[in-house]
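# Survey of secondary and tertiary structure
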Amino acid sequence: MIILGDKYKLTPFETKKLKNYNLTYLKPTQEQKLINQIDSLLKKEKYKLVILNTNFQISQQLISYLTSLELKGIKFLTIEHFLEKYLNKIYIPKDGSNIDFLDDIKPYSKTRYFIKRVIDFSIAIPLGIISSPIMLYAAYRIKKESPQGPVIFKQKRVGLNGKEFVCYKFRSMVPDAEKGKPQFASEDDPRVFKWGAIMRKTRIDELPQLWNVIKGDMHMIGPRPERKYWIEIFEKNIPYYNLRHIVKPGITGWAQVCYPYGANEEDAYQKLMYDLYYIKNWSLWLEIKTVYKTIWVMISRKGL
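So, here's what we can say about the structure.

The next subject is the pairing of strand β5 (residues 152-158). Within a regular strand, side chains alternate between the sheet's two faces. Two elements, β5 and strand β6 (residues 164-170), share seven bridges in a ladder whose sense is antiparallel. Looking at β6, one finds that Lys 154 is bridged to Tyr 168. In sequence, β5 turns back onto β6 through a hairpin of five residues, with Asn 161 there showing a positive phi of about 60°.

When helix α3 (residues 60-68) is considered as a whole, its buried residues turn out to be Leu 62, Tyr 65 and Leu 66. Considered in projection along α3, the buried side chains sweep an arc of 95° and stay on one side of the axis.

With parallel pairing, four strands are arranged side by side in an open sheet as β2-β1-β3-β4. A strand with exactly one partner marks an edge of an open sheet, and here the two such strands are β2 (24-26) and β4 (75-78). On average, each strand axis in the sheet is inclined to that of its neighbour by 20°, with strand direction left out of account. For strand β1 (residues 2-4) and β2, the ladder comprises three bridges, and the chain directions are parallel. Of the residues in β2, the one forming a bridge with Ile 2 is Thr 24.

Here the focus is helix α9 (residues 228-237). Residues Trp 230, Ile 231 and Phe 234 constitute the buried set of α9. The buried residues of α9 occupy an angular sector of 100° when projected down its axis, which confines them to one face.

Before going further, it helps to spend a moment on the pattern of salt bridges. What the rule picks out here adds up to 13 salt bridges. Here Lys 7 ties to Glu 80 by a salt bridge, and the two come within 2.8 Å at their closest N and O atoms. Here Lys 7 is found in the loop between β1 and α1 (12-17), whereas its partner Glu 80 is found in helix α4 (residues 79-86), with 73 residues between them in sequence. A salt bridge links Arg 244 to Asp 275; its shortest N-O distance comes to 3.2 Å. Note that Arg 244 is positioned in the loop between α9 and β8 (250-252) and Asp 275 in helix α11 (residues 265-280), a separation of 31 residues in sequence. Using a relative accessible area of 3% as the deciding quantity, one classes Asp 275 as buried. Connected via shared salt-bridge partners are Lys 169, Asp 205, Glu 206 and Arg 224.

Together, Phe 114, Ile 115, Val 118, Leu 284, Trp 285 and Ile 288 make up a nonpolar patch on the protein surface, roughly 620 Å² of accessible area in all. Along the chain, the position of Ile 115 falls in helix α5 (residues 110-130).

Conventions and cut-offs
- Residues numbered from 1 in each chain as written.
- Predicted model: local features only at pLDDT ≥ 70, side-chain atom pairs only at ≥ 80, totals over all residues.
- Heavy atoms only, no water.
- Pairing = 2+ DSSP bridges.
- Helix = DSSP H or I, 4+ residues; strand = E, 2+ residues; numbered from the N terminus.
- Buried < 20%, exposed > 50% of the residue type's maximum accessible area, 1.4 Å probe, protein only.
- Arc of directions from axis to C-beta.
- Axes fitted to C-alpha atoms, helices over the stretch in contact; angles between N-to-C directions.
- Salt bridge = Lys/Arg side-chain N within 4 Å of Asp/Glu carboxyl O.
- Patch = residues over 30% accessible without salt bridge, like charges linked within 9 Å, V, L, I, M, F, W, Y side chains within 5 Å.
- Areas by Shrake-Rupley, 256 points an atom, 1.4 Å probe, with all protein chains shown as cover.

Structural data, given as structure tokens:
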């Protein structure tokens, strides 16, 4: 894979995901020189993709050359199409310069919403019944390891249309973990007690949110709900961040199963690209795929 330019920089996580591709980066330069560089690379190794990843205006000469490569079996894609097709995310320029994709980010239609609610009840009620012994055991372990605080942790989160609701979780941290100031959770967070860490890895701590789903605050699958404190910061610094609120949040989501835990603003930006991909490309198949990936995350204990 030949990548022309650095408009979007692949994350280490994405580079690892693309390990089966030979990634070669070329900086934008004079058109004929760039064409010669590509020709030289194609003679040495077999490439299947050329990705246009630059903010600079491309000349007709270079466009004609890149499209001609398809006659040789080499695909030519823009970074926007590449990210959506190969990494299942939507490119969002940090400067907010491109709004072409916004037309495809819409709330669920009545039919889709109905299907989502059928899925919600079909999963939430049986899962609540089946997992009740686990939840009772979780409550017992919480009181045993951290007896001073409540078993159920209640926190306001931002949901549909930016409205707040009370979100329920099993408490996994020591009481007053934030000491009055919101903090990002981190991997191997010292505020998390032993059983809390197990719950976070296996997503057991999210089980009380089944009640949020039944109440209608959340879907089983959707963008993860965030706190208003962080939302206000992200909306100032991340273009189109508020778009994730045109649908209800979820217990699990496409961003959660496709990207590692979030520990900073850059992670929030990356996850937004997955969330908007999910909203744009929602289908029953994508719903099933997200459920499957969530189960795998729980079994392999890769959650946060």
